[in-house]
Every structure is written in structure tokens, then in C-alpha cells.
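# Structural features, examined
Chain residues, written in single-letter form:
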Amino acid sequence: MGRATSVGDFIKHGRESALIEVELSGTKGRNYVIQRKIQKNNQSSWLLNGQASSLKNVEELTRKLNIQVGNLCQFLPQEKVADFVKMSPQELLENTEKAVGPPEMFEQHQRLKASRTAAKELEISYQNLSEHLNSEKQKNARMQQEVECFYEKENHLQKVTALKQKRGFLEYEACRQDFIQANERKQALKKRLHEAEALNKPRQRKLDKACDEVKAIEIKITNKTAELRQLGEKASRQMKSLEALRDKVDAAEDELKEKKVTEQQRRSRVHMYHQQLEGLRNQLREAENLDNLQQELAETCQKMSAVNSSLGQMQQKKDLARERKNQIISDMTAIESELGQAQNVRNQRLTKLRQMNKDAHDATLWLEQNRARFKKPIYEPIMMTINMHNRDTAKYIEDHISYQDMVAFVCEDPDDMELIAKTLRDEQDLRINVVKVPQEPLSSYNSPPIQQLRRWGFQKYLRDLFDAPEGVMRYLCAQYRVHLIPVGDSTTRNAVDAVIRQAGLQCFYTENHKYTIKRSKYGSRETISSSKELKEARMLAMTTDVAHLQELGANMLRFGEAKAYVQSEIDAIQREEQSLQAQMESLRKKKKDLLQLKGAKSSLTEKIRMKEENIVRLEQEAIDLEAAEARAISKIREVKLLKLGFLQTFLTATKEVCEVSRSRVCLCLCQAQANLTKHKVENEMSKTSTQLAEMQVWRQ
């Protein structure tokens, strides 16, 4: 009853309506008869004792008779048994009270529950208030100790105030006694001070005299230092003048050397020009002997034109070959892209498997790395091994195969099945499903001829819609009979009634529905059919066209061979082009040499004229070295005479500096003697000065 989505599903196929009649026992001897008539448009009409009524009146009557359809303790449908088992003892008690007890029993029970809840709340409130009271008492106990500490602190502060007042008087008395003692010491020191000052006066006069002598000597030393500075500056000016004269001598000598070098270079260039002129004259004589130069130049130009034409043809061939190669590479790139997309289907399915069942996904990755541990092949989850011919038909396979088997691993050997289950379930704690391939070969699962079903629109069986490994296909044929379930189209949808009555099928598919047919084993053997709408495929929507992949592989191989052939053509053209380029380069060099020989006569004549002019110009630029050397010697002699005068002046200044320096040294010695006397007197006065300073401090 709970399996239908609408009341219209209770109507049998081929019927327009359904009638349900229930007779209820009355309390006063009269029974109640309730009828419900259901239409295909999901509308219902109600009759109570043969008279039209409403759903509200029917529900009121059932409530009056204490009939509780929603109470599982009174009415337990088969599909609600699981819900009944899940009921708690409290729910069972309440539903039992509703079913067999008087109406006021359940209400009293509810009031009892409410009272119990209120009592619990009061108990919790009492407990909270008690805890709060204890907390406040503890706070008061802590505050009592703080109050006692406060009073004790006040007492101590009063004592401190009194002691501070007494401290001022005591400090005054101590200071007064210190003042009396200090005054007595001051009078004694004052007397000693007068005695020391009288003793120190002769020494002070002697020290003043020594200081005056030191100052007088320092003034003389300062004057001698200024005089010495003036003499030094005068000597320095003389030295700079000497250095300037020395630079003039060096400049005259350098100028003479430069003229000698220039003249030597001029003579070398003149000799070189004479040699070059002789070589050019010899070349001119040889160029006048060439007669057939023009004919050889014309033949060379004709050969270059032919080679250039061949190079143009080679370039055209190479461009065409490269265009073919680029087109082939473009086609191969497109095929590689399609192959990459096809290979990506497995990754997409792995991602989908991780979303649906992470344990199965992890187990699949583990299997990829551990296949060598098993005797026979172990297939990945069925959803990973099935490849649909057309993604539009994937919804049939997903509907027909259960989710548990879609994510199940398929084994061919029992030992392998036990090993993988133990490893993944027990050791790695992965919850996976493992199934075993049946012993029967795939050839034993033969499909009936589809031709006898085509009149109803059937074209293929489920087995014909996909490819899978042989072991997986054997399991699906044995477990799900995919070789016996036909798939139809819109024609099948329109002829559903005829298919159910005549085809003898237990299950079949139309475009968007699945039909299941059951025949009663008793009585008239009537058929019971049910249908459900198919959902869009989720797991198998990502599919690979195997035939298309094979075609792409063949095209890839063919394009690879074509690319290699075109590349060989390009290599041959390049080798021939390189040969022609070498010929062209040789002809260009020959033409250049011939043109050089052709223009050699006029060029050589011009070069000879230029060389002769250069020789004449260099002869005119000749330098008279003897005259230049005489002028330089005369100039050097004059500079040396000036230098001699400056040297005599510099010698006189040097003597004056030495005399002044000697006088300054004598003054420095006298200054040292005066400073020694001064220091001696200062040392004698150091002791008395210290005593006088101390006495003056006490006196102040």
C-alpha cells in the first residue's frame, strides 16, 4: 500500500476505475459500509451506507469507532513492519494505550509526563539555588578575612604617622649637635690657614717670576717662528721656479725627440708607398694582357641564372611539402586531442566512484598496484569496466544493475576472492563488495532471436548495448539476465498492453520506462505488471566509443607514415638545395673575381696616381733635424742660465733659514730651563696649596 506514488496506480491495466469497499461493525447492531471509487485522474468519491459522503465524515466515523489506521499497534501493513521494529518502548506504550485503552487513559498519561517534567525542572531549580547559596556563603567567608586585614592596615598607618612626627624632632637635635662640632673645627682650621698663607708668600713670588720669564721666552720663540715661516715660503717659491725651468728643459727635449720620431715615420711611409707603387704598376701590366674576360663573365652570369631558377623551383617544392607536413601535424594534433579526451573517461569515472563510494575508489587504486598478488584477473568495479556503445542507453544498465554490484569487484578464482576480501576489509578496513564469476562459459548465455520481437519495436537486448570483459559479462548474464531483457522504443511504449499479453516477457524497457510482469501461479494465472520511470544515468554517462578509438588509432598510424614520407621529401629537397647553393656561391665568387679583373685597369691607374701624390706630399713634409736640434740646444742653454740664478737665491734663503732655526732652538732650550724652574717651585707649593684649599673650604 505504501509503494504507489498516487491512488491511480491501484487501478489495473485496461480498467478505467477501481472500487474499494470496507464494512465496519457498528455498536448498536447496524454495520457501516464505506466505499471509495478511484478514477485514473487520481480523484476519489466516497459513499457511506450507499449515500454520497466526504472524506471528513469518513474520518469522523473511524475516530468515533476508535479505528486508528496510522497506529501500528492497531493496523500493521507489511511495508511498515520495519518501522514497528524501530519503535521505542515508550512509543509502543503510547500507541497501545491509544489502541486498546479508554480515550482518557492517553490524556492522563500525557498529563503525568508533563507533571514529571515540571517536577524535574523544580528539582533542578532547587539544586541551582542551593549551589548559589553555598557560593554566596563562601564569598562572605573570603570577605571577612579581607575586612580584618583592612582594620590591621589602618592601625599600622596610624603608628607610621606618629613615628613620622617624632622623627622630625630627633633629626633637628642631631643636626644641632653636628653644627656645634663643625663650628669648633672651623675656628681651628681658620687659625691654621693664616699660618700657612704667611709661609707660602715667598714661594708664590718666586713662581710669579718664573712664569714671567717663560712668557717672555715664548714671545721670542713666536717671533722667530713667524720669521722662519716667511723664509720658508720664500725658499718654496724659489723651488717652484726651479721646477718650472726644469719642465721647460724637459719640454724642449721631448719636442726634439717627437720631431725625430715623426721624421723616421715619414721616411718609413715613403719607403712603403714606393713598394706599393711598384706592385700596382706590375698589376697594371698584367691586366692589360686579358682579352677574353667579357666572354667568360657572360657565361658565368648565364650559369648563375640557371642555378637561380633551379633554386626557385626547389623552394616551391619545399613550401608545398611543408604545407602538407603542417596539415598532417594539425590532423595528428586533433586526433591526439580526441584520444586524450577518450582516455580521460577513466579518470572521470574514478572521480565519480570516489564521490559515490570512497572505499571502492581506494580499493581500485590499491588493485592497480597489486595485481601480481592474484592468480587470475580481478576486475575493477563493474561501473569502471562497462563501456556503453551509446551514452543515451546508459540509463537502462544503471537501472537494471543494483548499486551494490555497480561498485563490486569481480573475481574469477575463489582463492583470489578470499584474499582480496581479507586484505581490503580486515587489514585496510575498507567496506567493499566482491562477487565471483560463474563457471558457465559466455557462449552458454544465448539471446533469443530479436526478429520475433521487432514488431513491438524491440531492436536489441541489454547485452548488446555495452562492452565488458568476459568475466564481467558472464556475471551480468547469470545474475541479471542481460541477454534476455529487450529494449524498445516509442513503438513499444504504444504497444505495452500487447507486449504484456503476447510477448511472454518478464521484464522489458521502453524509451523512458521499465516494465516488470508477474504471473500468478494459481487460479486464472492473471498477469500483474508494474512500471517505473527511468532516471538519467550518473555512473555510466561517461563512455568511450571503442570503434571510434580504433579508427583514430588507424588514422594516427596512417598520418605518422605520411608525415615520415613528406619529411623524407623535404630532406631530399634540402640536400639538393644545398648543392645548388654551393654552386651559386662558387659562381658568385668567380663573377666577383672577373668583375674585379675587369675594373682593375682603371682602379689600378687611380691607385697609382694617389700613391704618387702621397709620396710627393710626404717629401714636402720633411723635417730639418739639424736645425731643430740647434734650436732646442739654444733654448735649453738659456733655461739653464735662469736656473743657475734661481739656485743662488735659493741657497741664500736656505742659509737664512738655518740661522733663524739655530736661534729658535736656543730660545727653546731657555724655555725648557725656565719651565723646569717653574715646575720645581710648583712642586714645593703643592703640599701647602692642598692644605690651604682644604682650610678655605672649611672657612666657607
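Up top is the structure.
Residues numbered from 1 in each chain as written. Predicted model: local features only at pLDDT ≥ 70, side-chain atom pairs only at ≥ 80, totals over all residues. Heavy atoms only, no water.

### Thoughts on the overall build of the chain
The secondary structure content of the chain amounts to 16 helices and 14 strands. Burial statistics for the chain: of 700 residues in total, 28% are counted as buried. The long-range fraction of contacts in the chain, counting pairs at least 24 apart against all pairs at least 6 apart in sequence, stands at 68%. As displayed, the chain offers around 48,200 Å² of accessible surface, 51% of which is attributable to carbon and sulfur atoms. (Helix = DSSP H or I, 4+ residues; strand = E, 2+ residues; numbered from the N terminus. Buried < 20%, exposed > 50% of the residue type's maximum accessible area, 1.4 Å probe, protein only. Contact = heavy atoms within 4.5 Å. Areas by Shrake-Rupley, 256 points an atom, 1.4 Å probe, with all protein chains shown as cover.)

### Observations concerning a nonpolar patch on the surface
Where nonpolar side chains cluster on the molecular surface, the patch consists of Leu76, Val81 and Val85 and spans about 250 Å² of accessible area. Here Val85 lies in helix 2 (residues 81-85). (Patch = residues over 30% accessible without salt bridge, like charges linked within 9 Å, V, L, I, M, F, W, Y side chains within 5 Å. Salt bridge = Lys/Arg side-chain N within 4 Å of Asp/Glu carboxyl O.)

### As for the pattern of salt bridges
According to the stated counting rule, one finds 12 salt bridges in the structure shown. Arg167 is the partner of Glu171 in a salt bridge, and the nearest nitrogen-oxygen pair spans 2.8 Å. With Glu171 and Arg167 both in helix 4 (residues 103-287), this residue pair falls four residues apart, about one helical turn. With a relative accessible area of 40%, Glu171 lands in the partly exposed category. Linking Arg431 and Asp359 is a salt bridge whose minimum nitrogen-to-oxygen distance equals 4.0 Å. With Arg431 in the loop between helix 10 (414-427) and strand 8 (433-436) and Asp359 in helix 6 (residues 358-369), this residue pair connects regions lying 72 residues apart in the sequence. Overall, Arg431 belongs to the exposed group, its relative accessible area being 71%. A residue is classified by how much of its surface remains accessible, and Asp359, at 19% relative accessible area, is buried. What emerges from the salt-bridge pattern is a single network uniting Asp399, Lys514 and Lys532.

### Quick notes on the sheet that holds strand 5 (residues 378-379)
Sheet architecture is open: three strands sit in the order 5-7-8, paired in mixed fashion. Of all strands in the sheet, those with a lone pairing partner are strand 5 and strand 8, marking the two edges. Sheet topology places strand 5 next to strand 7 (residues 408-411); two bridges connect them, and they run antiparallel. In the sheet register, Ile378 faces strand 7, and the bridge partner there is Cys411. Each of strand 5 and strand 7 touches helix 6; the most contacted strand, strand 7, lies at about 35° to it. (Pairing = 2+ DSSP bridges. Axes fitted to C-alpha atoms, helices over the stretch in contact; angles between N-to-C directions.)

### Side note on the side chain of Thr510
Relative to the elements of secondary structure, Thr510 occurs in the loop between strand 12 (507-509) and strand 13 (513-519). The contact partners of Thr510, leaving out residues within four places of it in the chain, are Tyr396, Gly488, Asp489, Thr492, Arg493, Val496 and Tyr515.

### Observations concerning the packing of helix 6 against helix 10
The geometry of helix 6 relative to helix 10 is characterised by a closest axis approach of 12 Å and an angle of 125° between their N-to-C directions. With respect to each other, helix 6 and helix 10 are oriented oblique. Our pair here, helix 6 against helix 10, has a crossing hand that is right-handed. Across the interface between the two elements, Ala363, Trp366 and Leu367 of helix 6 pack against Ile420, Thr423 and Leu424 of helix 10. (Parallel < 35°, antiparallel > 145°, perpendicular 65-115°, else oblique. Left-handed = near helix turned anticlockwise from the far one by under 90°.)

### Brief notes about the sheet that holds strand 1 (residues 17-24)
If you trace the four strands from one edge of the open sheet to the other, you get 1-2-3-4, paired in antiparallel fashion. What marks the edges here is a single partner per strand, and that holds for strand 1 and strand 4 (51-53). Put simply, the sheet's adjacent strands are angled 30° from each other on average, direction ignored. Bridge analysis of strand 1 against strand 2 (residues 32-39) gives eight bridges, and the strand direction is antiparallel. Within strand 2, the residue paired with Ile20 across the bridge is Arg36.

### Observations concerning helix 1 (residues 55-64)
Val58, Leu61 and Thr62 are the residues of helix 1 that are buried. On an axial view of helix 1, the arc spanned by its buried residues comes to 95°, and they lie on one face. Exposed positions of helix 1 whose direction lies more than 90 degrees from the buried face are Lys56, Arg63 and Lys64. Backbone geometry just after helix 1 places Asn66 at a positive phi near 60°. (Arc of directions from axis to C-beta.)

### Brief notes about the nonpolar core
One finds Ile386, Ile397, Leu462, Leu476 and Leu540 to be the most contacted residues of the largest nonpolar core, which totals 39 residues. Mapped onto this core, the elements with two or more residues apiece are helix 5 (293-356), helix 7 (382-385), helix 8 (394-400), strand 7, helix 11 (470-480) and strand 12. Excluding residues that lie within four positions of it along the chain, Leu476 makes contacts with Ile382, Ile386, Ile401, Phe466, Arg481 and Val482. (Core = buried A, V, L, I, M, F, W, Y, C linked by side-chain atoms within 4.5 Å.)

### Here's the deal with the pairing of strand 2
Direction of pairing for strand 2 relative to strand 3 (residues 44-48): antiparallel, over a ladder of five bridges. Note that in strand 3 the partner of Ile38 across the bridge is Ser44. Linking strand 2 back to strand 3 in an antiparallel pair, the connection comprises four residues, with Asn42 at a positive phi of about 70°.

### Some points on the packing of aromatic side chains
Within the structure shown, the criterion is met by five aromatic pairs. Judged by centre distance (5.7 Å) and plane angle (85°), the rings of Phe458 and Phe508 are edge-to-face. Here Phe508 lies in strand 12 and Phe458 lies in the loop between strand 8 and strand 9 (460-461), a separation of 50 residues in the sequence. One exposure class covers both Phe458 and Phe508, and it is buried. By the ring-pair criterion, three or more aromatic residues cluster together here, those being Phe458, Phe508 and Tyr515. The ring centre of Phe559 lies 4.7 Å from the NZ or CZ of Arg558, which sits over that ring. (Phe/Tyr/Trp six-rings, centres within 6.5 Å; stacked < 30°, edge-to-face > 60°. Lys NZ or Arg CZ within 6 Å of the ring centre and 35° of its normal.)

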